[in-house]
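Remarks on the overall topology
Here is how the chains run, residue by residue.
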Amino acid sequence: MVQMIPPISQPMAGGSTSPIMLATWSFGVAGCTDAWPALTAGGSALDAVCAAARRAELDPTVNSVGYGGLPDATGRMSLDACVMTGPANCGAVCAVAHHLHVADLARMVMERTSHVMLAGNGADAFADALGVAKSQLLSADAKDAWRRWCTGEPPLPSVDAGGDPREHQIPHDTIGVLAIDSQRHMAGACSTSGLPFKLAGRVGDSPIPGHGLYVDPAGGGAVATGNGELIMGVSGSFLAVECMRRGATPGEAVEEVLHRIDHAFHPRAHQQVAIIALAPDGRWAAGALRYGFVVAVADAAGIRTELPQCVLHPQKESLE
Ligand code: GLY
C-alpha cells in the first residue's frame, strides 16, 4: 500500500532571475564551487554543468562517478553520462572504458555528431578520434573494494578524504547537475559509474535522456539519482519535466515521480531514488524515497547543501 507523503515542509526554493546551480549529493558542492564563479560572470549553463561533473569525475573519494567509481562484477570500469539543453539538443555516452570525462564526451556527441548516444568501444573510439587522452579508470581503493566483494569480505568503512566517516552511509550515486545562466538558458549533465558490481553490460538511467536527465525549456529540467532500474521504469526525469510543462510546481512534479516509483516497484529498504526538478523561472524542489539525500545548491544566497523538501518514506528503518 502506498503511504501518504507528508506535506512539503519547506517553502518552495528559488524563483529568482539570477543564475542557479543544483547538484545531487554533498559531493555536488565541490562541483558547484568550481563552476559558480564563471556562471555568475556570464558563463553558460552548459559549461557550468560540465565543469561540475568533471570535478566529481576526478575525485577518487566519490565511489559512484569517474575515477573512484566501483567496477562491474568482472572488475571492469564503465562510465555513463548525458548532457542536455533541450529535446533537440542532447548527447550521451555509455559503457565508456578508457576515458574519464564522460560528461564532456557526451557534450562532444551532442555538438559534433548527428547522433544522441555512443556506446562502449564506439564511444571510446570517438574520444580517441577527437584526441581525448585515455585514462586508467580503476582506482586502487575501487579495485580493493571489488576484491572484497568477490571474496565476501566486509567493505571497509566509508571515510572522506580527511579520514572521517562520511555523513551519509547509504550509497551515493550519480552526480546530476542542473543550471540556469544569466541568459536564462538551462542545461543539465549527469555522470556515473553505475551500480557497484553490476552485471557486465548493464546500463542504467544516467546516460538515457528522459531517465537520469531531461531538460525542456518549455517545462524545466530534472535529474534523478539512485537505483537506475526504478528510475527507468517510470522515465523519471521526463515525467518530472512533463508534469511541470503541464502546470505542476517542481514539488508536485517530484512527488508524482516518487509516487509512481512507489506504486510500480514497492522499493526495498536499501533502494534509494532522489529527484531534483528545476522550473524555467528558477523555482526548484527535491525529493527522495528515503533519508540520506542532500542537494548541493548555488544561488544568490551562497553555496551549500539543503535537505530535500519531500522524503516519501521518512521512517527510520528505511536507513537500513
Ligand atoms: N543511477 C545510476 C545507475 O543506476 O546506473
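Scroll up to find the structure this text is about.
Below is a summary of the structure that appears in this document. Values in this document were obtained by computation on a predicted structure and should not be read as measured data.

1. Considering the overall build of the chain
- Assigned secondary structure in the chain consists of eight helices and 13 strands.
- For the chain, with 320 residues in total, the buried portion stands at 54%.
- Across the chain, every contact between residues at least 6 apart in sequence was considered, and the portion connecting residues at least 24 apart equals 66%.
- Carbon and sulfur atoms make up 57% of the accessible area of the chain, which amounts to about 13200 Å² in all.

2. Remarks on unusual backbone geometry
- Phi is positive for Ala95, which is not a glycine, with a value near 55°.
- Topologically, Ala95 is positioned in strand E3 (residues 89-96).
- Exposure remark for Ala95: the relative accessible area of 29% places this residue in the partly exposed category.
- Its identity is not glycine, yet Phe197 carries a phi of approximately 60°, on the positive side.
- With respect to the secondary-structure elements, Phe197 resides in the loop between strand E6 (186-192) and strand E7 (213-216).

3. Focus on the sheet that holds strand E5 (residues 175-180)
- Taken together, eight strands build an open sheet; the order of strands is E4-E3-E2-E6-E5-E1-E11-E12 and the sheet is mixed. Two strands lie at the open edges of the sheet, namely strand E4 (117-119) and strand E12 (302-306), each paired on one side alone. Between one strand axis and the next, the sheet turns through 10° on average, direction left out of account.
- Against the sheet, helix H1 (residues 28-40) touches strand E1 (20-24), E5, strand E11 (295-299) and E12, its axis set at about 160° to E1.
- The strands touched by helix H3 (residues 102-112) within the sheet are strand E2 (79-86), E3, E4 and E6, with E3 carrying the most contacts at an inclination of about 130°.

4. What to know about the pairing of strand E8 (residues 220-226)
- Across the seven residues that make up E8, a large majority, seven, are buried.
- Pairing of E7 with E8 involves four bridges; the strand directions are antiparallel. Paired with Leu213 across the bridge in E8 is Val223.
- Connecting the antiparallel pair E7 and E8 is a turn made up of three residues.

5. Observations concerning the pattern of salt bridges
- Counted under the stated rule, the structure contains 16 salt bridges.
- Put simply, Asp144 and Arg148 hold a salt bridge, and the shortest N to O gap is 3.4 Å. One end of the pair, Asp144, and the other, Arg148, are both in helix H5 (residues 140-151), four residues apart, so they sit about a helical turn from each other.
- The partly exposed category is assigned to Asp144, whose relative accessible area is 24%.
- Owing to a relative accessible area of 16%, Arg148 belongs among the buried residues under this scheme.
- A single network of salt bridges, built from pairs that share partners, joins Asp144, Arg147, Arg148 and Glu153.

6. As for empty space enclosed by the protein
- Within this structure, the stated rule accounts for one cavity of 30 Å³ or more.
- Here the largest cavity defines a volume of roughly 60 Å³.

7. Comments concerning the nonpolar core
- In this structure, Met21 and Val93 are the most contacted members of the largest nonpolar core, which totals 95 residues.
- A per-element tally of this core places helix H2 (residues 45-58) first, with nine residues.
- In this structure Val93 touches Leu79, Asp80, Ala81, Val102, Leu105, Ala106, Val109, Met117, Leu118, Ala123 and Pro207, once residues within four positions along its chain are discounted.

8. Regarding the sheet that holds strand E9 (residues 273-278)
- Reading across the sheet, the five strands line up as E7-E8-E9-E10-E13 and stay open at both edges, with mixed pairing between neighbours. Looking at strand neighbours, the two that pair on one side only are E7 and strand E13 (310-311), the edges of this open sheet.
- As paired elements, E8 and E9 share six bridges and run antiparallel to each other. Across the sheet, Ala224 pairs through a bridge with Ile275, a residue of E9.

9. Regarding the site of the ligand
- For the ligand, the full set of nearby residues is Asp173, Thr174, Gly194, Leu195, Arg202, Gly204, Asp205, Ser206, Gly226 and Gly228.
- Between the ligand and the protein, one listed contact pairs an oxygen atom with a backbone N or O atom of Gly228 at 2.9 Å.
- In isolation the ligand offers 190 Å² of accessible surface; the protein chains occlude 100% of this area.
- When each cavity is represented as a set of grid points, the ligand is found to reside in the largest cavity.

10. Focus: helix H4 (residues 120-129)
- Taken together, the buried positions of H4 are occupied by Gly120, Ala123, Asp124, Phe126 and Ala127. One face of H4 carries all of its buried residues, which in axial projection span an arc of 155°. Opposite the packed face of H4, turned more than 90 degrees from it, sit the exposed residues Asn121 and Ala129.
- Buried residues along H4 sit against E3, H3 and E4.
- Two residues or fewer past H4, Gly131 is found with a positive phi of approximately 80°.

Definitions and cut-offs
- Residues numbered from 1 in each chain as written.
- Predicted model: local features only at pLDDT ≥ 70, side-chain atom pairs only at ≥ 80, totals over all residues.
- Heavy atoms only, no water.
- Helix = DSSP H or I, 4+ residues; strand = E, 2+ residues; numbered from the N terminus.
- Buried < 20%, exposed > 50% of the residue type's maximum accessible area, 1.4 Å probe, protein only.
- Contact = heavy atoms within 4.5 Å.
- Areas by Shrake-Rupley, 256 points an atom, 1.4 Å probe, with all protein chains shown as cover.
- Pairing = 2+ DSSP bridges.
- Axes fitted to C-alpha atoms, helices over the stretch in contact; angles between N-to-C directions.
- Salt bridge = Lys/Arg side-chain N within 4 Å of Asp/Glu carboxyl O.
- 1 Å grid on protein atoms, 1.4 Å probe; cavity = no way out; pocket = protein on both sides within 12 Å on 5 of 7 lines; lining within 4 Å.
- Points joined across faces, edges and corners; volume = space filled by probe spheres on them.
- Core = buried A, V, L, I, M, F, W, Y, C linked by side-chain atoms within 4.5 Å.
- Near = heavy atom within 4 Å.
- Polar contact = N/O pair within 3.5 Å; in protein donor to acceptor, adjacent residues only side chain to side chain.
- Sits in = over half its atoms within 2 Å of the grid points.
- Arc of directions from axis to C-beta.

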